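# Observations on the model geometry
The chain contents come next:
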Amino acid sequence: MSESRTIVVGVDGSAQSRAALRWALAEARPGDRVRAMLVRVRDELLPGTSYAIQPHGRIPVGEDSAYAGLLHSTVQETRGPGAPEVEEVVLSGDPATELNKASADADLLVVGSHGARPLTELLLGSVATQVVRHAHCPVVVMTAHAAQ
């Protein structure tokens, strides 16, 4: 019998991340571990100018329980009968960085791609692009087309 695998899935509630989770659950063999990760962007300082929306403050970010609820509902809606159990993990940080860290202990990483425009991706990068470039394991990227 083959050794069990760990499949990490980036989940953000989008159709693409739901497709990624569905694919990972279908790919999982008996004994495999599926870990769904939602990375909450950490609080970032806002510029301290009179033109800032909230001068000298922080970007408002939702409560951890809201993120945990989003992840749990996404997993429950996506996971069909007979599908393996899913470990649900909510972290704070940069999504690409946290998914790349998780890939060090994974056998496969699955993410959705929102299909950023080329200029946006060039200037800002995308989570999927950063994961493909820096992951420590094979990566599957679910496109918007695959999510339909």
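Residues numbered from 1 in each chain as written. Predicted model: local features only at pLDDT ≥ 70, side-chain atom pairs only at ≥ 80, totals over all residues. Heavy atoms only, no water.

Stated formally: UniProt positions are given in the numbering used here, feature names are shortened, and annotations may be inferred rather than shown by experiment.
Looking at an unreviewed UniProt entry, one finds the chain named Universal stress protein and attributed to Amycolatopsis tucumanensis. Quoted verbatim from the Sequence similarities (unreviewed entry) heading of the UniProt record, the comment on the chain is "Belongs to the universal stress protein A family."

### Structural notes on the overall build of the chain
Keep this limit in mind: Starting at the N terminus, helices and strands are each numbered in turn, a helix being any DSSP run of H or I of at least four residues and a strand any DSSP run of E of at least two. The contact definition used throughout considers only heavy atoms, calling two residues in contact when any of these lie within 4.5 Å. Accessible areas in this description were obtained via Shrake-Rupley with a 1.4 Å probe; residue shielding takes into account the shown protein chains only.
Per the secondary structure count, the chain includes six helices and five strands. The long-range fraction of contacts in the chain, counting pairs at least 24 apart against all pairs at least 6 apart in sequence, stands at 74%. Surface exposure of the chain reaches about 8,800 Å², of which carbon and sulfur atoms provide 54%.

### Considerations on the side chain of S103
Using the following cut-off: Three labels apply to residues, based on accessible area from a 1.4 Å probe with only protein chains included: buried if under 20% of the type maximum, exposed if over 50%, partly exposed otherwise in between.
Position of S103 among the secondary structure elements: in helix 3 (residues 95-103). With a relative accessible area of 0%, S103 lands in the buried category.

### Quick word on the sheet that holds strand 2 (residues 33-40)
Which entries qualify depends on this criterion: Being paired, for any two strands, means DSSP has found at least two bridges between them. Every angle, taken between N-to-C directions, lies between 0 and 180 degrees, and every axis is a line fitted to C-alpha atoms, over only the stretch in contact when it is a helix.
With parallel pairing, five strands are arranged side by side in an open sheet as 3-2-1-4-5. Each edge of the open sheet is held by one strand with a lone partner, namely strand 3 (86-92) and strand 5 (139-142). Here the average twist between neighbouring strands, direction ignored, is 20 degrees. Along the sheet, helix 3 makes contact with strand 1 (6-10), strand 2, strand 3 and strand 4 (108-112), crossing strand 2 at roughly 155 degrees. Strand contacts of helix 5 (residues 127-134): strand 4 and strand 5, with the helix running at about 160 degrees to strand 5, the strand carrying the most contacts.

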